[in-house]
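# Results of the structural survey
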Amino acid sequence: MIPYHRARGNVLVEHRGTIVVTGRGGTGKTTFTALMARYLHERGVEPMLLVDSDPDESLAEMLGLDLEAEGKRSIADVLSEILEERKMTRMTGMTPTDKIEPFLFQECLYEGRGFFDFIGVGTKWIEGCYCLPDRSLGQIMEMWSSNYVYVIVDSPAGVEHLNRRITKKVKDVFNILDPSKKSFDNAERSHKIMRDVDIEFENYYLVGGYRFTATLEAEAARQPYRYLGRVESDERIAEFNFQGRSLLELPDGSPAYQSVKRIMVKAGY
Ligand SMILES: Nc1ncnc2c1ncn2[C@@H]1O[C@H](COP(=O)(O)OP(=O)(O)OP(=O)(O)O)[C@@H](O)[C@H]1O
Ligand SMILES: [Mg+2]
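Bear in mind that the values here come from a model prediction, so they are computed numbers and not experimental data.

On to the pairing of strand β5 (residues 169-177). Sheet analysis places strand β1 (residues 17-23) next to β5, joined by five bridges and oriented parallel. In the strand pairing of β5, I19 is matched with D172. Of the pairings in the sheet, the one linking β5 to strand β6 (residues 200-208) comprises eight bridges and is parallel in character. From the neighbouring strand, V170 faces β6, where its bridge partner is F201. At this point the chain moves from β5, through helix α7 (residues 181-196), to the parallel β6, and the crossover so formed is right-handed.

Between E46 and the following residue, P47, the backbone shows a cis peptide bond with an omega angle of -5°. With respect to the element layout, P47 can be found in the loop between α1 (29-42) and β2 (48-52). Its identity is not glycine, yet D198 carries a phi of approximately 70°, on the positive side. Secondary-structure assignment places D198 in the loop between α7 and β6. Judged by the 8 C-beta atoms lying within 10 Å of it, D198 falls in the exposed class.

What follows is about the environment of K182. Tracing the backbone through its elements, the reader meets K182 in helix α7. Each C-alpha atom, one on K182 and one on G23, is 10.0 Å from the other, the two residues being 159 residues apart in sequence.

Time to look at the sheet that holds strand β7 (residues 226-230). Taken in spatial order, the seven strands of this open sheet run β3-β2-β4-β1-β5-β6-β7, and their pairing is parallel. The open sheet terminates on both sides in strands that have one partner only, identified here as β3 (116-120) and β7. Strand after strand, the sheet turns through a mean of 20° between neighbouring axes, direction not considered. Bridge analysis of β6 against β7 gives three bridges, and the strand direction is parallel. When the sheet's bridge partners are listed, L206 is paired in β7 with Y227.

With that settled, the discussion passes to the site of ligand 1. As a structural note, the neighbourhood of ligand 1 is formed by 19 residues, with G28, K29, T30, T31 and Y210 the closest of them. For the shell around ligand 1, the secondary-structure elements that each account for two or more residues are α1 and α9 (235-243). Split by residue class, the shell around ligand 1 holds six nonpolar, nine polar and four charged.

Let's shift gears to the nonpolar core. F32, M48, L50, I75, I152, V207 and V260 are the most contacted members of the largest nonpolar core, which totals 63 residues. Among the elements that take part in this core, α1 stands out by supplying six residues, more than any other. With near-sequence residues (within four places) excluded, V207 lies in contact with F32, F174, N175, I176, L177, L228, G229, V231 and I263.

So, how was this worked out
Residues numbered from 1 in each chain as written. Chains lettered and ligands numbered in written order. Predicted model: local features only at pLDDT ≥ 70, side-chain atom pairs only at ≥ 80, totals over all residues. Pairing = 2+ DSSP bridges. Helix = DSSP H or I, 4+ residues; strand = E, 2+ residues; numbered from the N terminus. Right-handed = clockwise from strand over helix to strand, strands pointing away. Buried ≥ 20, exposed ≤ 12 C-beta atoms within 10 Å, placed from the backbone. Axes fitted to C-alpha atoms, helices over the stretch in contact; angles between N-to-C directions. Near = placed C-beta within 6 Å. Nonpolar A, V, L, I, M, F, W, Y, C, P; charged D, E, K, R; others polar. Core = buried A, V, L, I, M, F, W, Y, C linked by C-beta atoms within 7 Å. Contact = placed C-beta atoms within 7 Å.

Below is the structure:
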């Protein structure tokens, strides 16, 4: 695959891999993703592609990004329009992926002025069953990935999204746990599904979410996956979210941010 980046001017980038953040609902996945991106930026990592594959689209907000104002739509919206309007039939002699890619590039990919680019996957696509777009989207993601040092995917709650195999090759998976048995079950299930559907990954990490307890930390450490520590609670996160402020502006001393940094260092970043 030839690395290319139309807007960034074909700068050659050393692509190091895709990071997936997953777990049960409300464990702090999106917050962790935003703070992880902030940490990597602090470490000089640039550019990154942040992928919000959760239909509730909160990652953009936590990063202070208003996609609508930027004129960007979700992949779901654009794909369903392409399929409904059959725009693709006008272009003969091209593969479905080659036909779809320019639309997604133009209408979905937010090319940041800062350290990250962004795409939102959206809702309709999650609801619908489109094998062709799934496959094409996988190929497009692979094509785009080479433009970024890291691609970071914030997942929706649960495990179903894994079956779509949009990302087939992952460097590290971070499963964010809440203080429940179901959270541990989720970790086991998503690990198994990734194996079953042939998603390659190098490391599968457990991270205690902000509601985790010391007792559960001991339990997490007994799991067959490496436990990296707990995200500290910081009430300013709820305040920032409520006010629609970016977590990139959270004070550096925030216990949550400091703990995410420690976790990332343990994971080798
Ligand atoms: N470290 C933290 N300290 C305090 N509150 C937090 C922390 N992390 C997340 N929260 C709060 O928990 C809630 C859920 O966080 P977040 O949206 O990151 O979770 P999620 O796992 O992405 O949720 P969903 O499954 O809905 O996507 C938010 O209201 C947020 O303010
Ligand atoms: Mg989320």
